[in-house]
Amino acid sequence: MAVPVAFFALFFAYPVTAIVGRGLKAEGDWQFGRIGEVLSRPDILDVLWFTTWQALASTALTLLIALPGAYVFARFDFPGKQVLRAVVTVPFVLPTVVVGTAFLALLGRGGLLDELWGVRLDTTVWAILLAHVFFNYAVVVRTVGGLWSQLDPRQEEAVRVLGAGRFAAFRRVTLPALAPAVAAAALMVFLFTFTSFGVVQILGGPAYSTLEVEIYRQTAQLLDLPTAAVLTLVQFAAVGGILAVHAATVRRRERALKLVDPAQTSRRPRGAGQWALLGGVLLTALLLILLPLGVLVERSFDGPGGYGFGYYEALQSVGAGGSSTFLVPPLEAVGNSLRYALVATLIALVVGGLAAAALTRRAGRLVRGFDALLMLPLGVSAVTVGFGFLITLDKPPLDLRTSWILVPLAQALVGVPFVVRTMLPVLRAVDDRLREAAAVLGASPLRAWREVDLPLVRRAVLVAAGFAFAVSLGEFGATVFIARPDNPTLPVAVARLLGRSGELNYGQAMALSTILMLVCAVSLLLLERIRTDRSGEF
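Residues numbered from 1 in each chain as written. Predicted model: local features only at pLDDT ≥ 70, side-chain atom pairs only at ≥ 80, totals over all residues. Heavy atoms only, no water.

1. Quick notes on the overall build of the chain
For the chain, the count of helices and strands is 23 helices and 6 strands. Looking at the chain as a whole, 50% of its 538 residues are labelled buried. Within the chain, contacts between residues at least 6 apart in sequence are counted, and of these 78% link residues at least 24 apart. (Helix = DSSP H or I, 4+ residues; strand = E, 2+ residues; numbered from the N terminus. Buried < 20%, exposed > 50% of the residue type's maximum accessible area, 1.4 Å probe, protein only. Contact = heavy atoms within 4.5 Å.)

Written as structure tokens, this is what we have:
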């Protein structure tokens, strides 16, 4: 536990505490009265209200659209099912900046809807809601569909034999069994939309602001640290409550059900109704997922002189078209992001692997508290973490503000929870008697881990590495503060290009987003190939 605790203490607790302390202290004294002052401001109340209701609306809309897809993936067997499963998961691993850019190309000025019908939805709440559904569709399909595929259909069939109709059988048997999974999926979607940053910043315009966007505005633009500190505490408390409810829901799901092999529940569609449902899900995937991504790619090739690689070629030069957005060619952001993500993945694997190994040794409250500590980066504003890095890691022996390692460290903070959640169940499943037998034969603890644990968890390590790489590649909230102008990452480069006017900047943003999407998609396909082997399913 020493290495993970030290890592979180130095690169999470210290920066966050420092930034909140600066906001709530005046002349060395704590000014807790500022909390009431900030939360009583009408503009802040509007932000809190919008953050909450758009998250609720996004969650309800996502459940409405994604639950039929969960049923199709759980109960139907059809050609291309594994490919479609990977396709609907692509948005979830995409950076939010790319998601916002894709919907900007579809719904914004000069977008597909604008060209066909003269309709623009950017800077409206509908664009935000649709982008959130696009981003979180896979959460519901994977979470609910994974459990649905393991429910024994004979229970519902037995109720129907006794005279119940199809809907009554579903309501009395299947729905109560699925309720914990639906609740868990809804809580996860609410968490992701409650803390939404990139999507709201790109699509919402100045009229809409979530807590995360407002923290960024108060910190980076207005330099109002007291307000940013209060909003950080509010977001942390809210997300902490969401995670606590989610953990309780997961524990209930694990205790409540007896599951069967998914291979026993999947069959080809029967009848016109089931084929129509399958067709509807395929059409939803086409319009909701493939269309925005396809428009994004199309816009990246649609230059002033017709279709070509003009925008991609412009990425290779500094100041193309009179732009001074970058000190280096924007294309260098590709190499920067890959290098940063690889280093961040290595850090996340080391820290997360050690943390998961420590959590397998059940040691009461200490270990449970450590488990909760690992999830804290998901509940604190990434903007706060990034700005905290700048104001704390500036003195020896941790003078890192000019060091390239600062970006991978921030990205690794987000990757560690994914590593822990991926490796922990597998490590806990390893029989302790195998380790004891190796120790009896004279193996040291390190050799026993190398000879016993590592071969059994190798696949989990690869899956964890894939997740850590994907989330590190797309991290934006903290990186936007600490990425140097001469070493931008892909998400930061896309945001900078979108922040400047001009057709060339817009086209280059589309091209960079397409590159970032392809890198994330390749990572996901490799991850899917690992996950769908004989040893398990995503």
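2. Topic: a positive patch on the surface
A contiguous patch of positive charge, built from Arg160, Arg166, Arg267 and Arg270, is present on the exposed surface. Tracing the sequence through the fold places arginine 270 in the loop between helix 12 (225-256) and helix 13 (271-301). When its relative accessible area of 57% is taken as the criterion, arginine 270 is described as exposed. (Patch = residues over 30% accessible without salt bridge, like charges linked within 9 Å, V, L, I, M, F, W, Y side chains within 5 Å. Areas by Shrake-Rupley, 256 points an atom, 1.4 Å probe, with all protein chains shown as cover. Salt bridge = Lys/Arg side-chain N within 4 Å of Asp/Glu carboxyl O. Lys, Arg positive; Asp, Glu negative; His and termini not counted. Charge placed at Lys NZ, Arg CZ, Asp CG, Glu CD.)

3. Remarks on the nonpolar core
One recurring pattern in soluble globular proteins: nonpolar side chains tend to sit buried together. By size, the foremost hydrophobic cluster in this structure holds 152 residues, and its most contacted members are Phe7, Leu203 and Phe389. Per element, the largest residue contribution to this core is 15 residues, and it comes from helix 7 (residues 125-148). With sequence-adjacent residues up to four places away left out, phenylalanine 389 is seen in contact with Phe11, Pro15, Arg401, Leu406, Leu409, Ala410, Leu413 and Ile482. (Core = buried A, V, L, I, M, F, W, Y, C linked by side-chain atoms within 4.5 Å.)

4. What to know about the confidence of the model for the chain
Detailed conclusions should not be drawn from predicted coordinates in areas where pLDDT is low. Of all residues in the chain, 90% attain a pLDDT of 70 or more, and the chain-wide mean is 81. Overall, residues 534-538 carries pLDDT values under 50, and its contacts beyond four positions in sequence, including any with other chains, amount to 11 contacts. (pLDDT = per-residue confidence, 0-100.)

5. Notes on the pattern of salt bridges
Here the structure, examined in full by the defined rule, presents 6 salt bridges. A salt bridge links glutamate 214 to arginine 217, with the nearest nitrogen and oxygen atoms 2.8 Å apart. Note that glutamate 214 and arginine 217 are positioned in helix 11 (residues 211-221) at a spacing of 3 residues, about one turn of the helix. For glutamate 214, a relative accessible area of 3% gives the class buried. Note that arginine 299 and glutamate 298 form a salt bridge whose closest N and O atoms lie 2.3 Å from each other. Residue arginine 299 is classed as buried on the basis of its relative accessible area, which comes to 7%. Among the charged side chains, a salt-bridge network with shared partners connects Glu115, Glu298 and Arg299.

6. A look at the packing of helix 5 (residues 96-107) against helix 13
Two elements in contact, helix 5 and helix 13, have axes separated by 8 Å at closest approach and are oriented at 80 degrees. As judged from the angle between their axes, helix 5 and helix 13 are roughly perpendicular. Residues Val98, Thr101, Ala102, Phe103, Ala105 and Leu106 of helix 5 touch helix 13, and the partners they reach there are Leu288, Leu291, Pro292, Val295, Leu296 and Arg299. Taken together, the residues that form the contact of helix 5 with helix 13 break down as 10 nonpolar, 1 polar and 1 charged. (Axes fitted to C-alpha atoms, helices over the stretch in contact; angles between N-to-C directions. Parallel < 35°, antiparallel > 145°, perpendicular 65-115°, else oblique. Nonpolar A, V, L, I, M, F, W, Y, C, P; charged D, E, K, R; others polar.)

7. Description of the environment of threonine 101
For threonine 101, the location among the structural elements is in helix 5. Residues threonine 101 and glycine 198, 97 residues apart in the sequence, show an inter-C-alpha distance of 9.4 Å.

8. Some thoughts on the packing of helix 19 (residues 432-440) against helix 20 (residues 445-474)
Viewed as axis vectors pointing N to C, helix 19 and helix 20 meet at an angle of 155 degrees, and their least axial separation amounts to 9 Å. Here helix 19 lies roughly antiparallel to helix 20, going by the angle between them. Where helix 19 crosses over helix 20, the handedness of that crossing is right-handed. Residues Leu434, Arg435 and Ala438 of helix 19 lie in contact with helix 20, whose contacting residues are Ala448, Val452, Asp453 and Leu456. (Left-handed = near helix turned anticlockwise from the far one by under 90°.)

9. Digging into the packing of aromatic side chains
A complete count under the given rule lists 17 aromatic pairs for this structure. Ring geometry for phenylalanine 7 and phenylalanine 11: centres 5.5 Å apart, planes at 55 degrees, overall tilted. Of this pair, phenylalanine 7 and phenylalanine 11 both sit in helix 1 (residues 2-24), 4 residues apart, which is roughly one turn of the helix. By relative accessible area, which is 7% here, phenylalanine 7 ends up buried. Here the aromatic residues Phe197, Tyr216, Phe387, Phe476 and Phe481 are joined through ring pairs into a cluster of three or more. (Phe/Tyr/Trp six-rings, centres within 6.5 Å; stacked < 30°, edge-to-face > 60°.)

10. Quick word on the side chain of threonine 392
Within the secondary structure, threonine 392 is located in helix 17 (residues 382-392). Classification of threonine 392 by relative accessible area gives buried; the value is 7%. Within the local environment of threonine 392, its side chain forms a polar contact with the backbone oxygen of glycine 388, the two atoms lying 2.6 Å apart. With sequence-adjacent residues up to four places away left out, threonine 392 is seen in contact with Tyr14, Pro15 and Ala18. (Polar contact = N/O pair within 3.5 Å; in protein donor to acceptor, adjacent residues only side chain to side chain.)

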